[in-house]
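Tertiary structure, described
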Amino acid sequence: MTVRANIRAMKGYTPGEQLNDPGIIKLNTNENPYPPSPRVVEAIQAALTANNLRKYPQPLGDQFRHAAAAVLGIDPDAILIGNGSDDLLTILTRAYVPEGGIVASPTPSYVLYQSLAEIQGAQYQPLRFQADWSRLAEMPAAADITFLPNPNSPSGTVVSADFLKELVHQLEPRPVVLDEAYADFADSNGLQQGLAQAPNVIITRSFSKSYALAGIRFGFAIARPALVRELIKVKDSYNCDVLSLAAATAAIQDQGYFHDIRSKILATRERMVRELTALGFEVTPSRANFVWCRRRDRDVRAIYEELKRRQILVRYMSYPIGPMGSPDEPYTGLRISVGTDAEIDRLLRELQAIV
Ligand SMILES: *Cc1c(COP(=O)(O)O)cnc(C)c1O
């Protein structure tokens, strides 16, 4: 027996390098440079009892759902828990996309959506952004599901609220997934814009970036309760473990800490944009916890290699095409996560020496 032909044919998603060397400054996978709230560690320690380990966790994570619903001002039944938001993207693909169906998402963007399409045996339809990243250049008319990361990675940009509304209404009843892994770093989001009420919208959120819990694997989706009830049938019964549920509940309840680290990251981000621009990079204004940097005068791959040699890891990205009007093919750049101020000082010093 061999595995299915679509699996044999696919390359598989390659995550960013996760080097273990503690001396390295890691600015390549958009983790939070700050530790999670101290209450998270306390909550995990409190949950770490032999009896809790022996038993299954709550299948729907009701304690988390109530805590998150109170913070966000929504119905607990509008929340679906996930083992990282990637788990939710998988659940959504399985729920909506038939074999031979179509998965659409923008490019340059998160490439996992294409891998999910390939695993499902579906066609992948890339959609180009307009030159300023504020809209897609075309509507994915026949897609069984459309994923839109907002803010987008690697650009760090958001589409306009008008475009978002237009997309959702034009595609109805076809589902639109707003992947809001970075929305906590932006000025606005789909929930605030009322889009979670739309019958064809699912918003996904992650605890990996803004809550500094990438190691815990927790995310959640927000959608109409009727839709959440359908998705519950698709997920693993116990997709989130007892420790991650305790951690996520404590994290979302500590909004004071969340806002503190968020404002530090936003301040450092603005400084990065200014100083990287002064070093000759073309920096796209960012609404996320990373910045997208390009250069006309030289190959950024060499800069990535040289930084790595100096113990600083950033993400070199290369896409077949860029947004509309970009003559650069392949379209390449460096995606640099916002670190602590000390880490960014070191990055800027090394870059100054390199360029
Ligand atoms: C990081 C990221 C995710 C995955 O988040 P997890 O919760 O860690 O699974 C999803 N979408 C985008 C666009 C991301 O950058």
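Residues numbered from 1 in each chain as written. Predicted model: local features only at pLDDT ≥ 70, side-chain atom pairs only at ≥ 80, totals over all residues. Heavy atoms only, no water.

What links the strands of a sheet is backbone hydrogen bonding, and the strands pair in either a parallel or an antiparallel sense. With mixed pairing, seven strands are arranged side by side in an open sheet as β2-β8-β7-β6-β5-β3-β4. Of all strands in the sheet, those bounded by a partner on one side alone are β2 (79–82) and β4 (123–128). Strand-to-strand, the axes of this sheet are offset by a mean angle of 25°, without reference to chain direction. Bridging between strand β7 (residues 201–206) and strand β8 (residues 219–222) involves four bridges; their strand directions are antiparallel. Residue pairing in the sheet places Ile203 in a bridge with Ile222 of β8. Running over the sheet, helix α5 (residues 85–96) touches β2, β5 (145–149), β6 (176–179), β7 and β8 and is turned about 155° from β7. (Pairing = 2+ DSSP bridges. Helix = DSSP H or I, 4+ residues; strand = E, 2+ residues; numbered from the N terminus. Axes fitted to C-alpha atoms, helices over the stretch in contact; angles between N-to-C directions. Contact = heavy atoms within 4.5 Å.)

So, on to the site of the ligand. If you check the shell around the ligand, you find Gly84, Ser85, Asp86, Tyr110, Asp179, Ala181, Tyr182, Ser206, Ser208, Lys209 and Arg217 and nothing else. In the model, a nitrogen atom of the ligand is placed 2.6 Å from a nitrogen or oxygen of the Asp179 side chain. Taking Tyr182, its side chain carries an N or O atom lying 2.6 Å from an oxygen atom of the ligand. Residues of the shell around the ligand, tallied by class, amount to three nonpolar, four polar and four charged. (Near = heavy atom within 4 Å. Polar contact = N/O pair within 3.5 Å; in protein donor to acceptor, adjacent residues only side chain to side chain. Nonpolar A, V, L, I, M, F, W, Y, C, P; charged D, E, K, R; others polar.)

This part covers the packing of helix α10 (residues 255–278) against helix α12 (residues 341–354). Between α10 and α12, the least distance of the axes is 11 Å, while the angle of their chain directions is 10°. Comparing the axis directions of α10 and α12 gives the class roughly parallel. The segment α10 lies against α12, with Thr268, Arg271, Met272, Glu275 and Leu276 engaging Asp341, Ile344, Asp345, Leu348 and Leu351. For the contact of α10 with α12, a count of residues per class yields five nonpolar, one polar and four charged. (Parallel < 35°, antiparallel > 145°, perpendicular 65-115°, else oblique.)

Attention now moves to helix α9 (residues 242–253). Between its terminal C-alpha atoms α9 stretches 17 Å, which fits the 16 Å expected from 12 residues at 1.5 Å a residue. Across the 12 residues of α9, nine count as buried, placing the element largely inside the fold. On its buried face, α9 is in contact with α2 (38–47), α4 (62–72), β2 and α10. Where α9 starts, the residue carrying a side-chain oxygen 2.9 Å from the main-chain nitrogen of Leu243 turns out to be Asp241. (Expected span 1.5 Å × (residues − 1). Buried < 20%, exposed > 50% of the residue type's maximum accessible area, 1.4 Å probe, protein only.)

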